[in-house]
Amino acid sequence: MEVLDIIKPENQVFCKTKLMTDTSLSYCPGCGHGTAHNLTMEVIDELGIAENTIGVAPVGCSVLAYDFMNIDMTQAAHGRAPALATAISRLWPEKYVFTYQGDGDLAAIGTAETIHACNRGENIVIIFVNNGIYGMTGGQMAPTTLSGMKTSTSPYGRDVEKMGAPIRMTELISNLPGVYYATRQSVHTHKHARKAKKAIQKAFENTRLNKGLSFVEIVSNCNSGWKMTPNDANHWMEENMFPYFPLGDIKVDGKLKSVAQ
Amino acid sequence: MADLKLMKGNEALAEAAIRAGVDAYFGYPITPQSEVIEYLMSQQPEKRTGMVVLQAESEVAAINMVYGAASTGKKVMTSSSSPGISLKLEGISYLAGAELPAVIVNVVRGGPGLGTIQPSQADYFQSVKGGGHGDYKLYVLAPASVQEMSDFVADAFDIAFKYRAPVLILSDGLIGQMMEKVVLKDEKPRLSNEEIIKQYGSWAVTGKKDRERNIITSLDLQAEKMEARVHRLLKKYGQMEKEDLRYEEVHCEDAEYLFVAYGSSARIALKAVELAREKGIKAGLLRPITLFPFPKKQLFKLADQVKGMLSVELNAGQMVEDVRLAVEHKVPVEHFGRTGGIIHTPEEVLEALEQKIMNHGSIRHHKTRESGILQN
């Protein structure tokens, strides 16, 4: 049997979603962005909403998300994605609107836009990839950088006395009435990725039901910024990031599941 | 039947927006233009025409909401006053870079800094020289009456969509706050989503249906692509200069002295022309209606006829630089203007013409001097 016979469509049990383009990802090998992109696009594909979805790309490593996501997308100024999404959703209420943002974009420069979009309960999905560092600009401190963590702008480790403690954004926004769903996930193992996909799916279903804002944080790695191999980075993430950023649902169907820390 | 009303400039602009079929307004209150959003809210435009009006958390958020809405082919505008426009400049640069149509209104107050809430024209440089980062220009309309505050809304959107570029209406606290009679245009229906998809589907992000995906971005990491983008913008600006320059000449036919003034200063300069003519001084007025494109050729031509020009501005001398560039030192060009929110009188303006131009200005190829600030 030839290879081409084996990969006939009827024999395939899995194929790449058509909503991911064939453009090579610009992410470092081992980075979680590729998986997070793929899961988002799979959900949109499976829900059959691609024709009615508008995505907003951020500034940061995923600035080029529109090169990989095969749907209509607009690229925002740094931190402003929730403002764009607000306007698009208000003017096209029947559309699915999502932002895809990193920690610098969402939790530093765009804090105001994030909090106010959440507070207004905009009927949008925010996908927040938190790897505790500025990857694109070369490994500087992020608002979510862990205490003591070394980055190029905290070379002796983050001193929380001087630099503040890392922000738990998902807990923060979950206290706002406009937020309908807030969850923290990871995509570093198959098991985690499957759970993350379910969370993203729930988020887009909330949009369909006009429930308000859904916020999906994905705690991720940055092996190049953390200066580790991909494997070590994932272990380090489990040991250090997850205790401070615990995985799981924080708010479901408008109700807080656990008290914010 | 003409719909004649007595209105504030800011209110006339807001009413014109509803009537022009604008889809959305995003703003943040700031004196002296808060009446725009107040009036819009009072009119419940969501009920009248389906127009979305939202008070944003900041000027920064508002301009980025404009960017989001404009990405989808909707007619969208924002307004603010000087400090707020400074905050919007990042977003304005992005709008220009991403080639998005939108209308921004600046009801200028005095600066720098928090400055004053009184009228000013000190944002001329910011408006016509870029303001935000990068190689871009704004098409700038300068209303001089409440009527123009109303009329220029639809005009601005025509230009914004003709070029897929942001357009600025540069007003000031005087035009925004004063009441005047205004004839309002008839209400135009908003475009339906289907019409928007049909008209702007080649570029707008409305959902990828029966076509390849659309992307709105101002980013080109490849230098050659970025240069091509800049050239595309430059081509638009060249076309604006050819096709959409607007200016008004008053008593220029036999003028020996010329006032150059826009917006509220043009109204004062017009009175100064009358006072001059009563005294037997043949004065005229060139009023740029668009500040970019700027009536360079008209000024260059008038420089062959007049003995000197006075640029009258409510600022420390900004447009005067463009007037000088336009006339290429053929005649003396001086500036006169008050700042800090003080509005010059027609008598002051005429006196400035007499002292700064008429007493010095008969020599051709005259060396330009630094214009004094706040003199006389």
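Residues numbered from 1 in each chain as written. Chains lettered and ligands numbered in written order. Predicted model: local features only at pLDDT ≥ 70, side-chain atom pairs only at ≥ 80, totals over all residues. Heavy atoms only, no water.

Observations concerning the overall build of chain B
Then, number 1: Across its full length, chain B carries 14 helices and 15 strands.
Then, number 2: The C-alpha radius of gyration computed for chain B amounts to 21 Å, which stays within 12% of the reference 21 Å derived for 376 residues, consistent with globular compactness.
Then, number 3: Each principal axis of the C-alpha atoms in chain B carries an extent, and together these give about 70 × 50 × 40 Å.
Then, number 4: Taken over 376 residues, chain B has a buried fraction of 62%.
Then, number 5: For chain B, the proportion of contacts with a sequence separation of at least 24, taken over those separated by at least 6, is 78%.
Then, number 6: On chain B, roughly 14,800 Å² of surface is accessible, and the fraction owed to carbon and sulfur atoms is 52%.
Then, number 7: Positive and negative side-chain charges in chain B, numbering 46 and 49 respectively, have mean positions lying 3 Å apart. (Helix = DSSP H or I, 4+ residues; strand = E, 2+ residues; numbered from the N terminus. Rg over C-alpha atoms; globule rule 2.2 N^0.38 Å. Buried < 20%, exposed > 50% of the residue type's maximum accessible area, 1.4 Å probe, protein only. Contact = heavy atoms within 4.5 Å. Areas by Shrake-Rupley, 256 points an atom, 1.4 Å probe, with all protein chains shown as cover. Lys, Arg positive; Asp, Glu negative; His and termini not counted. Charge placed at Lys NZ, Arg CZ, Asp CG, Glu CD.)

A short note on the environment of E171(A)
Residues and elements named next belong to chain A.
Then, number 1: Checked against the element boundaries, E171 lands in helix α8 (residues 169–174).
Then, number 2: When its relative accessible area of 6% is taken as the criterion, E171 is described as buried.
Then, number 3: Sequence-wise, E171 and L256 are 85 residues apart; in three dimensions their C-alpha atoms are separated by 9.5 Å.

Some thoughts on the packing of helix α4 (residues 81–91) of chain A against helix α4 (residues 59–71) of chain B
Then, number 1: Orientation of α4(A) relative to α4(B), taken along the N-to-C sense of each, is 50°, at an axis distance of 7 Å. Our classification of the angle between α4(A) and α4(B) gives oblique. Every pair of crossing elements has a handedness; the one defined by α4(A) and α4(B) is right-handed. Only A61(B), N64(B), M65(B), Y67(B), G68(B) and A69(B) of α4(B) make contact with α4(A), whose side of the interface consists of A83(A), L84(A), T86(A), A87(A), I88(A) and L91(A).
Then, number 2: Grouping the constituent residues of the contact of α4(A) with α4(B) by class yields nine nonpolar, three polar and no charged. (Axes fitted to C-alpha atoms, helices over the stretch in contact; angles between N-to-C directions. Parallel < 35°, antiparallel > 145°, perpendicular 65-115°, else oblique. Left-handed = near helix turned anticlockwise from the far one by under 90°. Nonpolar A, V, L, I, M, F, W, Y, C, P; charged D, E, K, R; others polar.)

Remarks on helix α2 (residues 35–43) of chain B
Then, number 1: Of the residues making up α2(B), those classed as buried are E35(B), V36(B), I37(B), Y39(B) and L40(B).
Then, number 2: Q44(B) sits one or two positions beyond α2(B) and adopts a positive phi of about 45°.

Observations regarding the packing of aromatic side chains
Then, number 1: Counted under the stated rule, the structure contains 11 aromatic pairs over all chains.
Then, number 2: Plain terms: the ring middles of Y124(B) and Y262(B) are 5.9 Å apart, the flat faces sit at 35° to each other, and that makes the pair tilted. With Y124(B) in helix α6 (residues 124–128) and Y262(B) in the loop between β11 (257–260) and α11 (263–278), this residue pair connects regions lying 138 residues apart in the sequence. Each member of the pair, Y124(B) as well as Y262(B), carries the same accessibility label: buried.
Then, number 3: Each residue in the set Y124(B), F125(B) and Y262(B) is aromatic and connected to the rest through ring pairs, giving one cluster.
Then, number 4: We note R168(A) situated over the ring of Y244(A); from NZ or CZ to the ring centre the distance is 3.7 Å.
Then, number 5: The positively charged end of K74(B) is found above the aromatic ring belonging to W92(A), 4.6 Å away from the centroid. (Phe/Tyr/Trp six-rings, centres within 6.5 Å; stacked < 30°, edge-to-face > 60°. Lys NZ or Arg CZ within 6 Å of the ring centre and 35° of its normal.)

Topic: the interface of chain A and chain B
Then, number 1: Each side of the interface is counted separately: chain A has 35 residues, and chain B has 37 residues.
Then, number 2: Carbon and sulfur atoms make up 59% of the surface buried where chain A meets chain B, a total of about 2,900 Å² over both sides.
Then, number 3: For chain A, the biggest contributors to the area lost against chain B are D72(A), L91(A) and W92(A); these three give 24% of the whole.
Then, number 4: Along the contact surface separating chain A from chain B lie three salt bridges.
Then, number 5: For the salt bridge of D72(A) with R211(B), the shortest nitrogen-to-oxygen distance reads 2.6 Å.
Then, number 6: Put simply, the parts of the chain that give the side of chain A that touches chain B at least two residues each are β1 (53–57), α3 (65–68), β2 (72–75), α4 and α6 (111–119) of chain A.
Then, number 7: Considering each element in turn, the side of chain A that touches chain B owes the most residues, seven residues, to α4(A).
Then, number 8: Along the lines of polarity and charge, the residues of the side of chain A that touches chain B split into 18 nonpolar, eight polar and nine charged.
Then, number 9: Relative to strand β9 (residues 215–216) of chain B, β2(A) runs parallel, the two sharing two bridges. For T74(A), the partnering residue across the bridge sits in β9(B) and is I216(B). (Buried area = accessible area lost by both parts, 1.4 Å probe. Salt bridge = Lys/Arg side-chain N within 4 Å of Asp/Glu carboxyl O. Pairing = 2+ DSSP bridges.)

Details of helix α7 (residues 146–163) of chain B
Every α-helical turn comprises 3.6 residues, leaving residues that sit three or four positions apart pointing alike.
Residue and element names in this part refer to chain B.
Then, number 1: Under the 1.5 Å per step criterion, the end-to-end length of α7 is 26 Å for 18 residues, consistent within 8% with the ideal 26 Å.
Then, number 2: The largest bend along α7 measures about 35° and falls at F152.
Then, number 3: Taking burial as the measure, the 18 residues of α7 include 14 buried ones, the bulk of the element. (Expected span 1.5 Å × (residues − 1). Bend = angle between axes of the 7 residues up to and from the residue.)

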